[in-house]
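Chain residues, written in single-letter form:
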Amino acid sequence: MKILIIGTGYVGATTAMVFAEIGWQVTGLDIDAGKIERLKKGQLHFHEPGLEDLIAKHVQSGRLRFTTDKAAAIKEHDVIFLCVGTPSLPDGSADLRYVGQAAEDIGRLMKGYKLVVTKSTVPVGTQEQIKKWIEAAQQTAYPFDVASNPEFLREGKAVEDALHPDRIVIGTDSQRATEQLKKLYWSFSCPWIVTTPRTAELIKYASNSFLATKISYMNELARLCDELEVNVKEIAEGMGLDPRIGPSFLQAGLGYGGSCFPKDVSELVTTSRKHHVNLRILEGVTEVNRMQYAYLLDKVRSRLSGFAGKTVAVLGLAFKPDTDDIREAPALRIIDQLLLEQASVQLYDPIASLPGNAAYQAVKFCTSAEDALKGADAIILCTEWPEFAQLDWKKAKKLLKQPNLFDGRNMMDAKRLRALGYYYQGIGSGY
Ligand SMILES: NC(=O)C1=CN([C@@H]2O[C@H](COP(=O)(O)OP(=O)(O)OC[C@H]3O[C@@H](n4cnc5c(N)ncnc54)[C@H](O)[C@@H]3O)[C@@H](O)[C@H]2O)C=CC1
Ligand SMILES: O=C(O)[C@H]1O[C@H](OP(=O)(O)OP(=O)(O)OC[C@H]2O[C@@H](n3ccc(=O)[nH]c3=O)[C@H](O)[C@@H]2O)[C@H](O)[C@@H](O)[C@@H]1O
């Protein structure tokens, strides 16, 4: 079986690598010619640890190739994975325009049987819609099957997650599709869930939304911790030792960002409303997350008695470490608000960069953390890059106008920084 991956972003490029790594012949197709040109040379168009080396390895071995030629690619491959984006529409629901275009291409250009597998995160019922799109575009009624195969990888850990998944979820009504997918994933020994397309689609949204719920729960609790002079990190540790709770996703901070949690929670809430079900917990999760950055900014504003004329060093821009992805990054909201309130912003991130639009012209983008700290009245730590923990904070203090450190990721040792003379505040750092 030859595999075609439509969409070579984070998920598509990683999926292409995985199938090449386990021995299949794989082609990546994208409408973005720039991305494809780079991938053909074994170069990645985003930062993801370890991925570029593996892609280069398989481009060189000939097992992995990339193209923009839809017609040839769709004709030549029997198994097609959809890995295109599904961003949010203004009403919060998922924009299926790219999925629709890819399905339409497949229907129009197929010349024999195809198995069409959706890895993109799509609302419940989308497999039925994909079937309709393909049928509507077909000139000849070639047979095909559809299957949902949601992806659970994390950015920054994509290689490890995709090569060693916790589970493989397949949603299809077709026995032939199930057998083909089992063959494709031959080397994986993790648990399998084979179910209906709708169940598979909902498993993905329910998983992301639950993880987002854990985060918002801890963030709300962190606010209480601040009032009670209790440290939320110790609360998380104490809770996490209960195996029914588990230690992961209990880190309070600036809230969740990224291309998935915000859009997926919002899609699930929107879909539920259409079905006259109010997911009140998830509405609360969204609301807590929406205001979490403001909770930290309030602390900074009050310490500085307002932002006008003040210099603020923002450390970290990416929505989390080990990625250059800034989609829905809390740091962006913080910068927007600081600029609105006429602060001077000095920003440093080891990898991520700001969007090129005029709104950010006023931000001084620095080449090191030390550079960003020079003359600052306060530091806001937005992403827990390990290099920030390793900074010489004693020396750094001399660069600052005022030693105010606001740790939006609770990553620093509060006691040590206070002993060095910093005014230190985390989120729920309590005492
Ligand atoms: N980024 C992540 O960590 C994860 C993302 N997902 C889901 O996977 C999907 C893809 O996400 P990303 O990889 O982050 O998106 P992305 O934006 O990085 O990549 C999507 C790619 O699809 C291409 N594309 C769009 N329309 C196309 C078409 N008609 N034909 C060929 N290529 C086309 C775009 O040019 C782009 O390169 C989304 O539904 C997302 O929710 C799921 C799990 C993890
Ligand atoms: O559907 C997706 O796209 C993916 O979304 C998340 O992965 P990702 O967004 O890459 O990153 P996470 O590690 O989950 O972090 C998301 C956000 O939550 C924040 N977070 C995470 C954990 C925590 O305890 N506290 C917390 O604030 C992070 O800082 C980050 O902003 C899920 O973890 C993946 O399983 C899923 O496949």
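Residues numbered from 1 in each chain as written. Chains lettered and ligands numbered in written order. Predicted model: local features only at pLDDT ≥ 70, side-chain atom pairs only at ≥ 80, totals over all residues.

The name recorded for the protein chain in an unreviewed UniProt entry is UDP-glucose 6-dehydrogenase, from Paenibacillus glycanilyticus. For the record of the protein chain, the UniProt heading Sequence similarities (unreviewed entry) holds the text "Belongs to the UDP-glucose/GDP-mannose dehydrogenase family." Comment text from UniProt for the protein chain, heading Catalytic activity (unreviewed entry), reads "UDP-alpha-D-glucose + 2 NAD(+) + H2O = UDP-alpha-D-glucuronate + 2 NADH + 3 H(+)". (UniProt positions renumbered as here; feature names shortened; annotations may be inferred.)

K.L.:
Could you clarify how one ought to interpret the overall build of the protein chain in this entry?
P.N.:
The number of helices and strands found in the protein chain is 17 helices and 14 strands. A compact globule built from 431 residues should have a C-alpha radius of gyration of about 22 Å, and the protein chain, at 23 Å, falls within 12% of that. Expressed along its principal axes, the backbone C-alpha trace of the protein chain runs to roughly 70 × 45 × 40 Å. Considering the protein chain as a whole, with its 431 residues, one finds that 45% of them fall into the buried category. Of the contacts formed within the protein chain by residues at least 6 apart in sequence, a portion of 71% connects residues at least 24 apart. (Helix = DSSP H or I, 4+ residues; strand = E, 2+ residues; numbered from the N terminus. Rg over C-alpha atoms; globule rule 2.2 N^0.38 Å. Buried ≥ 20, exposed ≤ 12 C-beta atoms within 10 Å, placed from the backbone. Contact = placed C-beta atoms within 7 Å.)

K.L.:
What should I look at first to understand the site of ligand 1 in this one?
P.N.:
Around ligand 1, a shell composed of 26 residues is seen, among which Gly7, Gly9, Val11, Ser120 and Thr121 lie nearest. Looking at the shell around ligand 1 residue by residue, the class counts come to 11 nonpolar, 10 polar and 5 charged. (Near = placed C-beta within 6 Å. Nonpolar A, V, L, I, M, F, W, Y, C, P; charged D, E, K, R; others polar.)

K.L.:
What should I look at first to understand the packing of helix 11 (residues 261–274) against helix 12 (residues 280–304) in this one?
P.N.:
Between two packed helices, what matters for the description is the angle formed by their axes and the separation of those axes. At a minimum axis distance of 10 Å, the contact between helix 11 and helix 12 shows a crossing angle of 145°. Handedness of the helix 11/helix 12 crossing: left-handed. Across from Val265, Ser266, Leu268 and Val269 in helix 11, the residues of helix 12 making contact are Leu282, Glu283, Val285 and Thr286. A breakdown of the residues in the contact of helix 11 with helix 12 according to their chemical character gives 5 nonpolar, 2 polar and 1 charged. (Axes fitted to C-alpha atoms, helices over the stretch in contact; angles between N-to-C directions. Left-handed = near helix turned anticlockwise from the far one by under 90°.)

K.L.:
Even after reading the chapter, I still don't get the site of ligand 2, so can you show me in this structure?
P.N.:
In the vicinity of ligand 2 there are 20 residues, among which Glu155, Gln251, Tyr256, Gly258 and Cys260 approach most closely. Per element, the largest residue contribution to the shell around ligand 2 is 3 residues, and it comes from helix 9 (residues 197–228). Split by residue class, the shell around ligand 2 holds 10 nonpolar, 6 polar and 4 charged. Viewed by domain, the shell around ligand 2 spans two of them, domain 1 (2–195) and domain 2 (210–425), each represented by three or more residues. (Domains from an automatic or database assignment.)

K.L.:
Would you mind going over the sheet that holds strand 12 (residues 378–381) with me for this structure?
P.N.:
Consider a sheet: its strands pair through backbone hydrogen bonds, and that pairing is either parallel or antiparallel. The 6 strands lie next to each other as 11-10-9-12-13-14, forming an open sheet whose pairing is parallel. Both outer strands of the open sheet, strand 11 (364–365) and strand 14 (423–425), are each paired with one neighbouring strand and no more. Relative to strand 10 (residues 344–348), strand 9 (residues 311–315) runs parallel, the two being bridged by 5 bridges. Directly across from Val314, in strand 10, lies its bridge partner Leu347. Of the strands in this sheet, strand 12, strand 13 (404–407) and strand 14 touch helix 12, which is tilted by about 175° from strand 12. (Pairing = 2+ DSSP bridges.)

K.L.:
Would you mind going over the UniProt feature "domain: UDP-glucose/GDP-mannose dehydrogenase C-terminal" (unreviewed entry) in the protein chain with me for this structure?
P.N.:
Feature annotation in UniProt assigns "domain: UDP-glucose/GDP-mannose dehydrogenase C-terminal" (unreviewed entry) to the following positions: residues 313–414. Regarding residues 313–414, the helix share stands at 27% and the strand share at 18%, and the terminal C-alpha atoms are separated by 18 Å.

K.L.:
So what exactly am I meant to see when it comes to helix 5 (residues 97–109) here?
P.N.:
In an α-helix there are 3.6 residues to a turn, and that puts residues three or four apart on one side. The terminal C-alpha atoms of helix 5, which comprises 13 residues, lie 18 Å apart, in line with the 18 Å expected from a rise of 1.5 Å per residue. Among the residues of helix 5, Val99, Ala102, Ala103, Asp105, Ile106 and Gly107 are the ones counted as buried. Considering only its buried residues, helix 5 is in contact with strand 1 (2–6), helix 4 (70–76), strand 4 (79–82), strand 5 (114–118) and helix 6 (126–137). (Expected span 1.5 Å × (residues − 1).)

K.L.:
I keep staring at the domain arrangement of the protein chain and nothing clicks. Help me out?
P.N.:
How big an interface is tends to be expressed through the accessible area that disappears when the partners come together. What the domain assignment lists for the protein chain is domain 1 (2–195) and domain 2 (210–425). A straight line from the C-alpha centre of domain 1 to that of domain 2 covers 33 Å. In this assembly, 14 residues from domain 1 lie in contact with 16 residues from domain 2. Grouping the constituent residues of the side of domain 1 that touches domain 2 by class yields 6 nonpolar, 6 polar and 2 charged.

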